[in-house]
Amino acid sequence: MLDTVLKGKQGYWGWLIFLLAIMGVGLGCYLYQFQEGLRITGMSRDVSWGFYIAQFTYLVGVAASGVMVVLPYYLHDYKAFGRITILGEFLAIAAVTMCILFIFVDLGNPVRIMNVLLYPTPNSILFWDMIVLNGYLLLNLFIGWNVLSAERKGTHYPSWVKVLIYISIPWAFSIHTVTAFLYAGLPGRHYWLSAILAARFLASAFCSGPALLLLLCLIVRKVSKFDPGKEQIRTLGGIIAYAMLLNVFFFILELFTAFYSQIPGHMHSFQFLFSGLEGHGRLAPWMWTAAGFAFVAVLLLVIPATRRKEDTLAIACVSVIIATWIDKGLGLVIGGFTPNPFDRVTDYWPTTPEILITLGVWATGFFILTVLYKMAVSIKEEVGA
Amino acid sequence: MYDGGKIIAGLIIGIGLLMSPFFYNAGKAAKAPERVLTEKAKQAKECILDKAQMTASHFNLLDEWRHTVVRDGQRYYKRADGKVLYKSLQVTCMDCHSNKANFCDQCHNYMAVTPYCWDCHIAPEEKK
Amino acid sequence: MGIDRRAFLKIAGLSTILGLGGKAAFDILAPGELEASTNAASPGAGKRWAMAIDARLVDDKVISEATSACHRHHNVPDLDSAKEEIKWIWEEDYEHSFPGHQHEFIGDDIKHAKFLLLCNHCSNPPCCRVCPTKATWQRADGIVMMDPHRCVGCRFCMAACPFGARSFNWGDPRRVTRVPELVAKNQGFPYNKDYPTRAKGVVEKCTFCVDLLEKGEQPLCMTAANKVKKGSFTFGDLSDPESPIRSLLRKRYSLRRKFELGTNPNVFYLI
């Protein structure tokens, strides 16, 4: 099936070369980081996780979202989604790959990464995160490849693939729950120490991932002869609407607990993020921007007229992605470490090499996504789907 | 051969790259390692194990030492002849073999091995 | 032979994976020499090491002597950077040592009191719970130990520690001998040629001087502090009811940092 990847129009190759250039720059910066150590990033003794781990957290959510298409199709026989489950699965593969890469670039001693396998430690959530992420990657690779391959040949996929599909559904929920558990069990970090964190993660995953999937479907329709379908996009819009509402609702619940109880430990991180603490308020404009985009997204998604029109729905999806990315990709990690255990504020902002490495990993993910989507779309065009 | 020109060209480039270390070193023989024992080492007569065993597996010994010292807190080693030694690369091994450049590095350089021990463990200052 | 190419490739691939994987699994999981040694009796089983610091006796000289004794013995570099600093024991004021305790009506003596903070070697340590490689673990004698050979630098332990006790080597600590701005502050680094430095990419922290404890000596911060002000530091075994530290804790009121989090810290501040 990889033969379909090697034939494409100019735009396809141009896009891939563009991504390769960004990947190259990222790699160069990573070699610099490998040499000098993580001191070239903005991380510090107080904010010891930063941009890389934040991107990882956001992308686990995007990866988990494949289940939002798989579940209705396989468990509720919603036949329409049969057209796009492959797109959801391939998005999951690209997202999980980026997650693994972000963990890798964040490690102080990446050459020792096998230690996590050589010395399994079941009491550590990172151990389980490694298992569920790699398992999910393998699941989607096997499922996606076999289903697509069977579609090309005009046969039904082998029955053992069905077993894997059923396993992948709860597994998708587990990957983001386990990732939330990384944060939600740490006694000193009150911004994260909340039972609702895992639920928040899932809600934000299930709106941001499908939002990205929806935009990708619109792009696929534009650049190829395969049309994911008006009904599919409309249903996705409905899913995104509910998930975004839950996401915003859960956030408001957190705000209530923090500010009605007036407990300083609970309030401080929100104060830091939205108005600044001790003079440090660099994130405030970002968080309010996120709030603004979240408001726009909810408005466009709740009102049926704007949700059903594809152009306003696309704007809503972009707003969802911006809002959720700022919340998870910036606010979550930095806010969790601020203020520090001594009630002081240490500023964190990603440095240029850090941003370039991040872009390099994103480009790698989009490269994999483009290649896989080219394969899926070409085969769907071939069989006249 | 279909695309024969490209294949032959590719083969030449590929094999050339693969063989490049041999071409680079052609005609030069690497200098055999010459390990020199310090006076202290000569007087001590015995290392941890005998020479053959140390040459063959000093790295395994050091790996086991670092595991048992750091993780189990077992800092002392009883040699076959009964002498008790403090398990430390820096303090015990390098006490006798303080001439790292003429001892340790001789074989390591020859084998192109760069143990990362010295990233943390402090090598003795070489006497000029 | 009715086997087709596809089936042959499948069988060959599967056998290779099982063969290689099986050997790898056997090598990793089979009990070997190393495993046997870890089954030996753990040192100090039954002990519970703890430190009591008398806040009334801690002054600037105690702080500087204790800090430099520790940092010099353990080759901790002075990186002159709040961002990258490495500290095993350090000075902090009341408000920031015990966030939330301070109110507006306390006297100046407590308000301006100085505290020495270090790893609490908690009895219920969250850092050990989260480490994916057991590069940090709790010994039988209660000390939370670091194995810099195994640490992959994921910094999960740093996120988990509620006390900010852990430092990470963001770069190569030995660069203090190469970078002109840092050379002056680190004359003679590495100070202790009998103790290693660390390398970039690993986490480090106070170890209650395990290498000295095992020789029957005491932690260096304590020895240095007590030379300046006798009784400022008391180190001992909490599991021994007759130990000096136990009787001290019975007699004097003591604070522990963030006790409400249940990590059961073993550094006590006598007020």
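Quick caveat: nothing in here was measured; it's all calculated off a predicted structure.

Topic: the overall build of chain C
The helix and strand inventory of chain C stands at eleven helices and ten strands. In terms of overall dimensions, chain C is more spread out than a globule: its C-alpha atoms have a radius of gyration of 24 Å, far above the 18 Å expected for 271 residues. In terms of overall dimensions, chain C has a C-alpha envelope of 95 × 50 × 40 Å along the principal axes. Across the 271 residues that make up chain C, the buried fraction comes to 44%. For chain C, contacts bridging at least 24 residues in sequence account for 68% of all contacts bridging at least 6.

Details of the overall build of chain A
Within chain A, the secondary structure is distributed over 14 helices and zero strands. Counting from the amino terminus, chain A carries its helices and strands in the arrangement α-α-α-α-α-α-α-α-α-α-α-α-α-α. Against the globule reference of 21 Å for 385 residues, chain A gives a C-alpha radius of gyration of 21 Å, in line with a compact fold. Overall, chain A is about 65 × 50 × 40 Å in size when its C-alpha atoms are taken along their principal axes.

Considering the arrangement of the chains
Contacts are most numerous, across the two pairs of chains in contact, for chains A and C. Regarding chain A and chain B, the two do not touch, and the least distance separating their C-alpha atoms is 12 Å.

Some thoughts on the pairing of strand 1 (residues 49-54) of chain C
All names here are of chain C. Counting buried residues in strand 1 gives six out of six residues, a clear majority hidden from the surface. Taking every second residue as pointing to the same face, both faces of strand 1 are buried, with Trp-49, Met-51 and Ile-53 on one and Ala-50, Ala-52 and Asp-54 on the other. As paired strands, strand 1 and strand 10 (residues 267-270) are joined by four bridges and run parallel to one another. Within strand 10, the position partnered with Met-51 by the bridge is Val-267.

Re the interface of chain C and chain A
On the side of chain A, 33 residues touch chain C, which itself brings 39 residues to the contact. Across the side of chain C that touches chain A, the residue classes break down as 20 nonpolar, nine polar and ten charged.

Digging into the packing of helix 4 (residues 85-106) of chain A against helix 6 (residues 125-153) of chain A
Residues and elements named next belong to chain A. Their axes nearest at 9 Å, the elements helix 4 and helix 6 cross at an angle of 150 degrees. Put simply, helix 4 runs roughly antiparallel to helix 6. Considering only the axes of helix 4 and helix 6, their crossing is left-handed. Judged by residue contacts, Ile-86, Glu-89, Phe-90, Ala-92, Ile-93, Val-96, Thr-97, Cys-99 and Ile-100 of helix 4 engage Leu-133, Tyr-136, Leu-137, Asn-140, Leu-141, Ile-143, Gly-144, Val-147 and Leu-148 from helix 6. Here the contact of helix 4 with helix 6 is composed, by residue class, of 14 nonpolar, three polar and one charged.

A short note on the sheet that holds strand 8 (residues 233-237) of chain C
Residue and element names in this part refer to chain C. On the basis of which strands lie adjacent, the open sheet formed by four strands has the order 8-1-10-9 and mixed pairing. At either end of the open sheet lies a strand with only one pairing partner, and these are strand 8 and strand 9 (254-255). Taken strand by strand, helix 11 (residues 244-251) contacts strand 1, strand 8, strand 9 and strand 10, and its axis lies near 115 degrees from that of strand 8.

Some thoughts on the packing of helix 10 (residues 264-274) of chain A against helix 13 (residues 310-337) of chain A
Angle between the axes and distance between the axes are the two parameters that describe a pair of packed helices. Residue and element names in this part refer to chain A. One way to put it is that helix 10 packs onto helix 13 with a least axis distance of 9 Å and a crossing angle of 125 degrees. Judged on the interaxial angle alone, helix 13 and helix 10 are oblique. Handedness of the helix 10/helix 13 crossing: right-handed. Here Ser-269, Phe-272 and Leu-273 of helix 10 come into contact with helix 13, specifically with Gly-331, Gly-335 and Gly-336. A breakdown of the residues in the contact of helix 10 with helix 13 according to their chemical character gives two nonpolar, four polar and no charged.

Digging into the interface of chain C and chain B
On the side of chain B, 16 residues touch chain C, which itself brings 20 residues to the contact. Here the side of chain C that touches chain B takes four residues from helix 2 (residues 33-38) of chain C, the largest share from any one element. When the residues that make up the side of chain C that touches chain B are grouped by side-chain class, the tally is eight nonpolar, five polar and seven charged.

Topic: the environment of Gly171(C)
Residues and elements named next belong to chain C. Positionally, Gly-171 belongs in the loop between strand 6 (167-168) and helix 8 (180-183). Residue classification places Gly-171 among the buried residues on the basis of 22 C-beta atoms within 10 Å. When the C-alpha atoms of Gly-171 and Glu-84 are compared, they prove to be 8.3 Å apart, with 87 residues separating the residues in sequence.

Details of the confidence of the model for chain C
Residue and element names in this part refer to chain C. In the predicted model, chain C carries a mean pLDDT of 91, and 93% of its residues have values of at least 70. Within the model, the stretch residues 33-41 combines pLDDT values under 50 with ten contacts to residues more than four positions away or in other chains. The ipTM, which scores confidence in the relative placement of chains, is 0.94 for this predicted complex, and the corresponding pTM is 0.92.

Examining helix 3 (residues 67-75) of chain A
Each α-helix winds once per 3.6 residues, and so residues spaced three or four apart point in a common direction. Residues and elements named next belong to chain A. All of the buried residues along helix 3 are Val-67, Met-68, Val-69 and Val-70. Buried-residue contacts for helix 3 involve helix 2 (51-64), helix 4, helix 7 (159-184), helix 8 (196-223) and helix 9 (230-261). Looking one or two residues beyond helix 3, the residue adopting positive phi is Asp-77, at roughly 55 degrees.

Criteria and thresholds
Residues numbered from 1 in each chain as written. Chains lettered and ligands numbered in written order. Predicted model: local features only at pLDDT ≥ 70, side-chain atom pairs only at ≥ 80, totals over all residues. Helix = DSSP H or I, 4+ residues; strand = E, 2+ residues; numbered from the N terminus. Rg over C-alpha atoms; globule rule 2.2 N^0.38 Å. Buried ≥ 20, exposed ≤ 12 C-beta atoms within 10 Å, placed from the backbone. Contact = placed C-beta atoms within 7 Å. Pairing = 2+ DSSP bridges. Nonpolar A, V, L, I, M, F, W, Y, C, P; charged D, E, K, R; others polar. Axes fitted to C-alpha atoms, helices over the stretch in contact; angles between N-to-C directions. Parallel < 35°, antiparallel > 145°, perpendicular 65-115°, else oblique. Left-handed = near helix turned anticlockwise from the far one by under 90°. pLDDT = per-residue confidence, 0-100.

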